[in-house]
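Summary of the model geometry
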Amino acid sequence: MRRMHRRLFRLCCIVCLLFVPFASPAQKTPIALIGTLVTPQEVVPQGTVLIQNGRILASGADVKLPAGTKVVHTDGVIAPGLIDLHNHLTWNVLPRWKPIQEFGSRYDWQQKPISKILLTVPHDALVKEGLECEMERYAEVKAISEGETSVTGSPHLSCVHGLARNLDYDPELDGSFGHLGKILYDVFPFQMSEPELIAAKEVLSAQPRGALLIHVAEGAPNDASAAREFTMLKGRGLLRPGVSLIHGVALKPEDFAEMAKQDVGFIWSPRSNIELYGDTANVAAAQSAGVRIALAPDWSPTGSDGLLGELNYASIWNQTQSPPLFTERDLVLMATSNAAELVGLSGQLGSLAAGHAADLMVVRKSGQDAYWSLTHASPQDLQLVLIGGVPMYGDPAIFEQLTGSQGERLEVCGTPKAVVVGAKSLAETEKTLDDALHQFGTKLAPLAECGN
Ligand SMILES: [Zn+2]
């Protein structure tokens, strides 16, 4: 949704990029996490996930553990790490913007002085000061503290720090999954040059097929200019398998029907839609047409801090529908396996099944059932995040049990957490960004809103 001053389209020609988490090399000692598994298709009440060398070796109710396995009883809900297919990471350093009006389309608010004063000017000034990668670094920690293990919407290959997986820069994951399709992410698909369009179509025709995630029809449901983008999209030959449309608030039921026919996916961002346009996409039509739906937060100024927050928001929104459209399970699938499927990574991410990357999270049990625990988890409830089998974030006790180190301590909504971010501390990054934002009369956004 963001007007980025620099186009985000890129061809991700970085097959040699390795995913290198800072914490430590992928675990050679097998780890077994015990708790309630959300696979995510089903719940296993007393299950085990066995991990080694960055992969899930086995999961289920009856897993045989090799000698020397480090066993951790979590007493929590163990689920795949969340996959964020719609974000604009560097903007997440900025505090929330609460517009006092509803806008017609993204072209509308992006021209308003208030959005320039609060967002564009400070963001672009920090980029100009050379802080873009610091902004990205902070935003990735923010994403991880919201249960995300994979993100999109990073500004540069050079800003990829080895924290979260940057799908639009690292479609090969850790290089050990074999050849995978490229993932392209574009905020303004109608500004693609002819060579860019040709290159995108090549990615969509390749074997294995890549993915193209594009912002389309972002505006109020009745906004004519936003609605017209669907016709323009077809005119550019982009209604085809491998494409997923982001926002789509102005899409009509017949548009979703055409999308389903062409195997085009949909990425839903309800909070940002409602805060900017007063309503969200017609997901009832998307669902009944059979379109595969993923959930993503957009960005934290008008969306959620991350995917746990967006799951909370989507769950509450769902309760306002009569009858509710989705089950809690449906929502969890949108943030895990559905998202993986939209980018051609369902064999690698978004599941606790054997062979998948050991990207997972543990959330405190609460409420009605395991799915409900996930869709109602607060940032304090996130007990552990592993990426490629490496503990990146969590409650200090479980973090220390797994890593033998304390990591860097921080507080999220008054709850102590531990994180590992590399040589430079998170506290240093926070101070740098906070100082830089001070000159614009603002301050660094917190990792979590803590109920505001
Ligand atoms: Zn967006």
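Our structure's up above, just so we're on the same page.
For the structure given in this document, a descriptive report is provided here. (Residues numbered from 1 in each chain as written. Predicted model: local features only at pLDDT ≥ 70, side-chain atom pairs only at ≥ 80, totals over all residues. Heavy atoms only, no water.)

1. A closer look at the sheet that holds strand β7 (residues 165-166)
Pairing within the open sheet is parallel, and its three strands lie in the order β5-β6-β7. The sheet is open, and its two borders are formed by β5 (82-83) and β7, each paired with just one other strand. With two bridges joining them, strand β6 (residues 148-151) and β7 adopt parallel strand pairing. By the bridge assignment, Val-151 is partnered in β7 with Asn-166. (Pairing = 2+ DSSP bridges. Helix = DSSP H or I, 4+ residues; strand = E, 2+ residues; numbered from the N terminus.)

2. A look at the sheet that holds strand β10 (residues 243-247)
Here five strands make up an open sheet; going across it, the order is β8-β9-β10-β11-β12 and the pairing parallel. Two strands lie at the open edges of the sheet, namely β8 (183-186) and β12 (293-295), each paired on one side alone. Each strand of the sheet is rotated relative to its neighbour by a mean of 25°, with strand direction disregarded. One ladder, built from three bridges, connects strand β11 (residues 265-268) with β12; its direction is parallel. Each residue of the ladder has a partner; that of Trp-268, found in β12, is Leu-295. In the packing of helix α10 (residues 328-335) onto the sheet, the strands contacted are β11 and β12, and the crossing angle to β12 comes to about 80°. (Axes fitted to C-alpha atoms, helices over the stretch in contact; angles between N-to-C directions. Contact = heavy atoms within 4.5 Å.)

3. Quick word on the state of the cysteines
Following the criterion strictly, the structure yields one disulfide and no others. In this model Cys-413 forms its disulfide with Cys-450; the gap between the sulfur atoms is 2.1 Å. Of note, the bridge from Cys-413 to Cys-450 carries an S-S torsion of about -90° and is left-handed in sense. Of the two residues, Cys-413 is situated in the loop between β16 (408-412) and β17 (415-419) and Cys-450 in the segment after α14 (426-438); the sequence distance between them amounts to 37 residues. (Disulfide = S-S within 2.5 Å.)

4. Brief notes about the nonpolar core
Grouped together as the largest cluster of nonpolar side chains are 91 residues, with contacts concentrated most on Leu-212, Leu-245, Met-259, Phe-266, Trp-268 and Met-361. Top element by residues in this core is helix α3 (residues 132-144). It accounts for six residues. Judged by nonpolar contacts, the second largest core, of 22 residues, contains Leu-167, Val-187, Ala-211 and Ala-296. (Core = buried A, V, L, I, M, F, W, Y, C linked by side-chain atoms within 4.5 Å. Buried < 20%, exposed > 50% of the residue type's maximum accessible area, 1.4 Å probe, protein only.)

5. Here's the deal with the pairing of strand β4 (residues 70-80)
In this structure, strand β1 (residues 31-38) lies alongside β4, joined through six bridges in parallel fashion. When the bridges of β4 are listed, Leu-37 appears paired with Ile-78. With five bridges joining them, β4 and strand β13 (residues 360-364) adopt antiparallel strand pairing. Within the sheet, the bridge partner assigned to Pro-80 lies in β13 and is Leu-360.

6. Points about a nonpolar patch on the surface
Taken together, Ile-114, Ile-117 and Leu-118 make up a surface patch of nonpolar side chains, about 270 Å² in accessible area. Its place among the elements puts Ile-114 in helix α2 (residues 113-128). (Patch = residues over 30% accessible without salt bridge, like charges linked within 9 Å, V, L, I, M, F, W, Y side chains within 5 Å. Areas by Shrake-Rupley, 256 points an atom, 1.4 Å probe, with all protein chains shown as cover. Salt bridge = Lys/Arg side-chain N within 4 Å of Asp/Glu carboxyl O.)

7. Re the pairing of β10
Residues in a regular strand point their side chains to alternate faces of the sheet. Burial within β10 is extensive, with five of its five residues counted as buried. Pairing of strand β9 (residues 211-216) with β10 involves five bridges; the strand directions are parallel. When the bridges of β10 are listed, Leu-212 appears paired with Val-243. As a crossover connection, the stretch from β9 through helix α5 (residues 224-235) into β10 is right-handed. (Right-handed = clockwise from strand over helix to strand, strands pointing away.)

8. What about unusual backbone geometry?
Glycine aside, a negative phi is what most residues show, and trans is what most peptide bonds show. The linkage connecting Thr-39 with the following residue, Pro-40, adopts the cis geometry, with an omega of 15°. Along the chain, the position of Pro-40 falls in the loop between β1 and β2 (43-52). Backbone torsion omega between Gln-207 and Pro-208 reads -5°, so that peptide bond is classified as cis. Topologically, Pro-208 is positioned in the loop between α4 (194-205) and β9. The phi dihedral of Asn-53 falls on the positive side, at around 50°, and the residue is not glycine. The exposure class assigned to Asn-53 is partly exposed, which follows from its relative accessible area of 44%. Although it is not a glycine, Ala-217 adopts a positive phi angle of roughly 55°. By the element assignment, Ala-217 lies in the loop between β9 and α5.

9. A word on the environment of Asp-330
Residue position: Asp-330 is located in helix α10. Through-space distance from the C-alpha of Asp-330 to that of Tyr-371 is 9.0 Å; in sequence the pair is 41 residues apart. Contacts of Asp-330, omitting those with residues within four sequence positions, involve Gln-287 and Leu-325.

Everything listed here is a matter of coordinates, which is why it stays silent on function.
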